[in-house]
Amino acid sequence: MYVRAVPPTDLNRNTEWFTYPGVWTTYIIILFTSWFMVLCLLGCSAGTAWTVVHLAHFIVTYHFFHWKKGTPFADDQGIYNGLTWWEQIENGKQLTRNRKFLTVVPVVLYLIASHTTDYQNPMLFFNTLAVFVLVVAKFPHMHKVRIFGINGDF
Amino acid sequence: MIAIPYLTALSTYFSYGLLFAFGQLRDFFRKIVDWWRASTLDGYAPICLGLEDFYIRRLYLRIQDCFGRPISSAPDAWFDVVERYSNDNNKTLKRTTKTSKCLNLGSYNYLGFAAADEYCTPRAIESLKKFAASTCSTRVDGGTTMLHTDLEECVARFVGKPAAVVFGMGYVTNSAILPILMGKGGLIISDSLNHNSIVNGARGSGATIRVFQHNTPSHLETVLREQIAEGQPRTHRPWKKIMVIVEGIYSMEGELCKLPEIVSICKKYKAYVYLDEAHSIGAVGKSGRGVCELLGVDTADVDVMMGTFTKSFGSCGGYIAGSKELVQYLKYTCPAHLYGTAISPPGAQQIISSIKVILGEDGSNRGAQKLARIRENSNFFRSELQKMGFEVLGDNDSPVMPIMLYNPAKIPAFSRECLRQKVAVVTVAFPATPLLLARARICISAAHTKEDLVKALEVISGVGDLVGIKYFPAEPNKQHQEHGTIKLE
């Protein structure tokens, strides 16, 4: 019932909350809850609901993990202003457990979404595009890479 | 180590996620609305990027009435809190002329010197008449009065070091001294929960900073070994200087530092120890000399001892105590000494008088009584809270006790309900604490009487039931246990 929380050694308060227990479970619960809400509100089939959740998840996580740079507090004095949230977590160390988990979630969502829509076009195309962009953005080689200068610093 | 109920952790993340989502939605609409309106900036860059003050605008301002409450009397055990109201949902707060007398559980008033004291206040008023309210000068120009030299000797004697230097502000003491002591090519290893002044000073120094897990000497040893073996980044040359920075009592946890182990590890690897005793000087230890006396560490083993006068001495300012050569060097180089204004003379006199009271040199044993009272009060309060089922952090004998709240909605609920019942508490949330671990921090004072503490316990227990923060099972009353055994027999 109780979990132990050890304060991590990460000084970046924008990302250190991710190392505490319960984050993964909350993430998965939010995904399931939003699928359920979409089903209730739109009254569509389960497969369409999963596609909607998958694409919404793509937009939200791409925007907050890979597009927005910096931290939401001013007293970090802009030392993280060139880094997106993905590049900030765990001080830039690659291939940690958290990063692997975050890479697997969009792939699993893609598999569920495409399975429940029976791999039909056009949903399959959008789903594949979304998961491709997300997984490539999370590669270790893409750390601090800005393609064509998109989202680069001034 | 904090034990969080798992469901509470999940609900806290969910609440913060919801707050974040709503904040982003409002920002999004604000951006659309502002696009149509003409901008007054006209070619200038905006002062802050939209993302930087997101937390302040969308989360902090909603519960702004729980922070920064103005008071209109001295911060004694009971004080007057000015009532405020807001017409636009806490974006701006307006003061009224009404005040309410509340029990003060938030001021750093450990020994009760914050209010008028029979020994200290007449002497402070005399020095105000003799020396005026400010020296109007830096220490090196014309700001060193007899009071300042007396104060430095007094502090050095009290702390147990050969010499000391005092500054006008406690925060500045850390952030101006660390860049002097360490430079590029040095290594600073600091505890992960160190105060913001230390973090800023370390960042300003240009040295490489490494963090070790809070209060874990074994992890400190691992980090030291790794860093000494690797050397400076990129060049791998040996480090010029290594300094380990720890605090005596951590203000957000109420925990004591594991000083004996840390000092022995630093001696083994020849690293300097910098001890920040802001909350522990004057409040712990048999004669109030701080965490070294309490844990039995020889002060000669700690290289730099820093502290502030705000907490136990009822004044303001900070000091650094060390060897004579160190203090002499600091007096030549530290910008806070060379360019910052000196401590105001009545403030300095207050510190000297309060140290005399603590040591018993004023002829009475009020100092020893105060120290005994704060120890009794803290232990009593902490054990009662734990019996009621609250999750209270901190070690025994520590006058700082945070009560865990966790959920962001419980922070304003606890704060406002306690204020309505005339108990003023300080609540702390993200980003001063980690995201999950929001807390209400209680600071016990020697000025609190037993009745005050009992009243506070009643109020906190009632509010705790309403808000739902009794995360641990409450210990059953002794009477019920006795009845149980009698019935069985």
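Residues numbered from 1 in each chain as written. Chains lettered and ligands numbered in written order. Predicted model: local features only at pLDDT ≥ 70, side-chain atom pairs only at ≥ 80, totals over all residues. Heavy atoms only, no water.

Under the criterion given, the structure shown has two cavities of 30 Å³ or more. Computed from the structure, the largest cavity encloses a volume of approximately 60 Å³. The wall of the largest cavity is formed by Leu11 of chain A together with Ser190, Asp191, Ser192, Asn194, Val199, Ala202, Arg203 and Ile209 of chain B. Of all elements in the fold, only β5 (186–191) and α7 (196–205) of chain B reach the threshold of two or more residues within the lining of the largest cavity. Looking at the lining of the largest cavity, the element that brings in the most residues is α7 of chain B, giving three residues. When the residues that make up the lining of the largest cavity are grouped by side-chain class, the tally is four nonpolar, three polar and two charged. Volume-wise, the second largest cavity comes out at about 40 Å³. The wall of the second largest cavity is formed by Arg139, Val166, Phe167, Gly168, Ala336, His337, Gly340, Thr341, Ala342 and Ile343 of chain B. (1 Å grid on protein atoms, 1.4 Å probe; cavity = no way out; pocket = protein on both sides within 12 Å on 5 of 7 lines; lining within 4 Å. Points joined across faces, edges and corners; volume = space filled by probe spheres on them. Helix = DSSP H or I, 4+ residues; strand = E, 2+ residues; numbered from the N terminus. Nonpolar A, V, L, I, M, F, W, Y, C, P; charged D, E, K, R; others polar.)

The next subject is the environment of valine 166 of chain B. Mapped onto the elements, valine 166 of chain B comes out in strand β4 (residues 163–167). In the structure, valine 166 of chain B is positioned 113 residues away from aspartate 53 of chain B in sequence and 35 Å away in space, judged by C-alpha atoms.

Glancing now at the nonpolar core. What tends to happen in soluble globular proteins is that the nonpolar side chains get buried as a cluster. Grouped together as the largest cluster of nonpolar side chains are 66 residues, with contacts concentrated most on Leu102 of chain A together with Ile4, Phe381, Leu385, Phe414, Ile442 and Ile460 of chain B. If one sorts the elements of this core by residue count, helix α16 (residues 450–467) of chain B sits on top with seven residues. Apart from residues lying up to four places away in sequence, isoleucine 4 of chain B is in contact with Met1, Tyr2, Val3 and Ala5 of chain A together with Ala9, Tyr406, Leu436 and Leu437 of chain B. Within the second largest apolar cluster, 61 residues are counted, among which are Tyr110, Leu187, Phe313 and Ile374 of chain B. (Core = buried A, V, L, I, M, F, W, Y, C linked by side-chain atoms within 4.5 Å. Buried < 20%, exposed > 50% of the residue type's maximum accessible area, 1.4 Å probe, protein only. Contact = heavy atoms within 4.5 Å.)

The subject of this paragraph is helix α14 (residues 366–388) of chain B. Residues and elements named next belong to chain B. End to end, α14 covers 32 Å across 23 residues, agreeing with the expected 33 Å (1.5 Å per residue, within 8%). By the burial criterion, the buried members of α14 are Arg366, Gly367, Lys370, Leu371, Ile374, Asn377, Ser378, Phe381, Arg382, Leu385 and Met388. On its buried face, α14 sits against α13 (345–359), β11 (400–404), β14 (439–443) and α16. Downstream of α14 by one or two residues, glycine 389 has phi in the positive range, about 105°. (Expected span 1.5 Å × (residues − 1).)

With that settled, the discussion passes to the packing of helix α2 (residues 46–67) of chain A against helix α4 (residues 97–116) of chain A. Residue and element names in this part refer to chain A. Orientation of α2 relative to α4, taken along the N-to-C sense of each, is 155°, at an axis distance of 8 Å. Relative to α4, the element α2 is oriented roughly antiparallel. Crossing of α2 over α4 shows left-handed handedness. Of the residues in α4, those touching α2 at Gly47, Trp50, Thr51, Val53, His54, His57 and Phe65 are Leu102, Val105, Pro106, Leu109, Tyr110, Ile112, Ala113 and Thr116. Class assignment of the residues belonging to the contact of α2 with α4 gives a composition of ten nonpolar, five polar and no charged. (Axes fitted to C-alpha atoms, helices over the stretch in contact; angles between N-to-C directions. Parallel < 35°, antiparallel > 145°, perpendicular 65-115°, else oblique. Left-handed = near helix turned anticlockwise from the far one by under 90°.)

The interface is formed by 37 residues belonging to chain B together with 34 residues belonging to chain A. For the chain B and chain A pair, buried surface summed over both sides reaches about 3200 Å², with 66% attributable to carbon and sulfur atoms. Between chain B and chain A we count zero salt bridges in total. Along the contact surface separating chain B from chain A lie seven residue pairs in polar contact (both at pLDDT 80 or more). Elements represented by at least two residues in the side of chain B that touches chain A include exactly β1 (2–5), α1 (6–36), α2 (54–60), α7 and β6 (208–212) of chain B. When strand β1 (residues 2–5) of chain A meets β1 of chain B, the two strands line up antiparallel, connected through four bridges. Note on β1 of chain B: the bridge partner recorded for alanine 5 of chain A is isoleucine 2 of chain B. (Buried area = accessible area lost by both parts, 1.4 Å probe. Salt bridge = Lys/Arg side-chain N within 4 Å of Asp/Glu carboxyl O. Polar contact = N/O pair within 3.5 Å; in protein donor to acceptor, adjacent residues only side chain to side chain. Pairing = 2+ DSSP bridges.)

Moving on to the sheet that holds β6 of chain B. All names here are of chain B. Sheet architecture is open: seven strands sit in the order β4-β10-β9-β8-β7-β5-β6, paired in mixed fashion. Looking along the sheet, the strands with just one partner apiece sit at the ends: β4 and β6. On average, each strand axis in the sheet is tilted by 20° relative to the strand beside it, whichever way the strands run. Sheet topology note: the strand β8 (residues 272–276)/strand β9 (residues 304–308) ladder contains three bridges and is parallel. From the neighbouring strand, aspartate 276 faces β9, where its bridge partner is methionine 306. Helix α9 (residues 259–269) contacts β6, β7 (241–247) and β8 of the sheet and is inclined by roughly 180° relative to β7.

Before going further, it helps to examine the packing of aromatic side chains. Residue and element names in this part refer to chain A. In total, this model carries 22 aromatic pairs over all chains according to the counting rule given. Each ring, one from tryptophan 24 and one from phenylalanine 101, has its centre 4.2 Å from the other, and the planes form 5°; the classification is stacked. Placement of the pair is tryptophan 24 in helix α1 (residues 23–42) and phenylalanine 101 in helix α4, with a sequence separation of 77 residues. For phenylalanine 101, a relative accessible area of 12% puts it in the buried group. Ring plane angle 75° and centroid distance 6.0 Å describe the contact between tyrosine 27 and phenylalanine 101, whose orientation is recorded as edge-to-face. Note that tyrosine 27 is positioned in helix α1 and phenylalanine 101 in helix α4, a separation of 74 residues in sequence. (Phe/Tyr/Trp six-rings, centres within 6.5 Å; stacked < 30°, edge-to-face > 60°.)

In the predicted model, chain A carries a mean pLDDT of 86, and the fraction of residues at 70 or more is 99%. Within chain A, the element-level pLDDT minimum falls on β1 of chain A, averaging 80, and the maximum on α1 of chain A, averaging 91. (pLDDT = per-residue confidence, 0-100.)

The grouping of Lys184, Arg234, Arg237 and Lys240 of chain B at the surface amounts to a positive patch. Its place among the elements puts lysine 184 of chain B in the loop between α6 (170–181) and β5. (Patch = residues over 30% accessible without salt bridge, like charges linked within 9 Å, V, L, I, M, F, W, Y side chains within 5 Å. Areas by Shrake-Rupley, 256 points an atom, 1.4 Å probe, with all protein chains shown as cover. Lys, Arg positive; Asp, Glu negative; His and termini not counted. Charge placed at Lys NZ, Arg CZ, Asp CG, Glu CD.)

Turning to unusual backbone geometry, a few remarks are in order. A cis geometry characterises the amide bond from asparagine 121 of chain A onward to proline 122 of chain A, with omega recorded as 0°. Relative to the assigned elements, proline 122 of chain A resides in the loop between α4 and α5 (123–137). Positive phi, close to 65°, is recorded for lysine 144 of chain A, a residue that is not glycine. Position of lysine 144 of chain A relative to the elements: it lies in the segment after α5. You will see that histidine 236 of chain B, though not glycine, has its phi angle at about 60°, which is positive.

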